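# What the coordinates show
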Amino acid sequence: MLEHVRSQKPVLGPLMDILNPVPVLIYGANINRDTVQNLKLAGFRNIDIRDLWLDIVKLIVITNIKKK
């Protein structure tokens, strides 16, 4: 999945938190979500994460390893 997430940078992350109500009001999506942590909490494993733009746009690949 191609995902837009909250930056972990000390200035950019809090700025995204402050600005988050604007896109939520305009089109209903949060710009400060933590998708990787949510995937881990949901029980997904074998998560490969690649930053595509800063630490905001990520390519997240989850590999399903089937048990025999």
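Here, every reference points to the structure presented above.
## What to know about the side chain of Glu-3
With respect to the secondary-structure elements, Glu-3 resides in strand S1 (residues 2-4). Polar contacts involving the side chain of Glu-3 include one to the side chain of Arg-33, which spans 2.5 Å. At 2.9 Å, the side chain of Glu-3 forms a polar contact with the side chain of Thr-35. Beyond its immediate sequence surroundings of up to four residues, Glu-3 is in contact with Arg-33, Thr-35, Ile-56, Val-57, Lys-58 and Ile-60.

## Section: the pairing of strand S2 (residues 47-53)
As paired strands, S2 and strand S3 (residues 57-62) are joined by six bridges and run antiparallel to one another. Its bridge partner being in S3, Ile-49 is matched across the sheet by Ile-60. Counting the residues in the hairpin turn of S2 and S3 gives three residues, including Leu-54, whose phi is positive at 50°.

Criteria and thresholds
Residues numbered from 1 in each chain as written. Predicted model: local features only at pLDDT ≥ 70, side-chain atom pairs only at ≥ 80, totals over all residues. Heavy atoms only, no water. Helix = DSSP H or I, 4+ residues; strand = E, 2+ residues; numbered from the N terminus. Polar contact = N/O pair within 3.5 Å; in protein donor to acceptor, adjacent residues only side chain to side chain. Contact = heavy atoms within 4.5 Å. Pairing = 2+ DSSP bridges.

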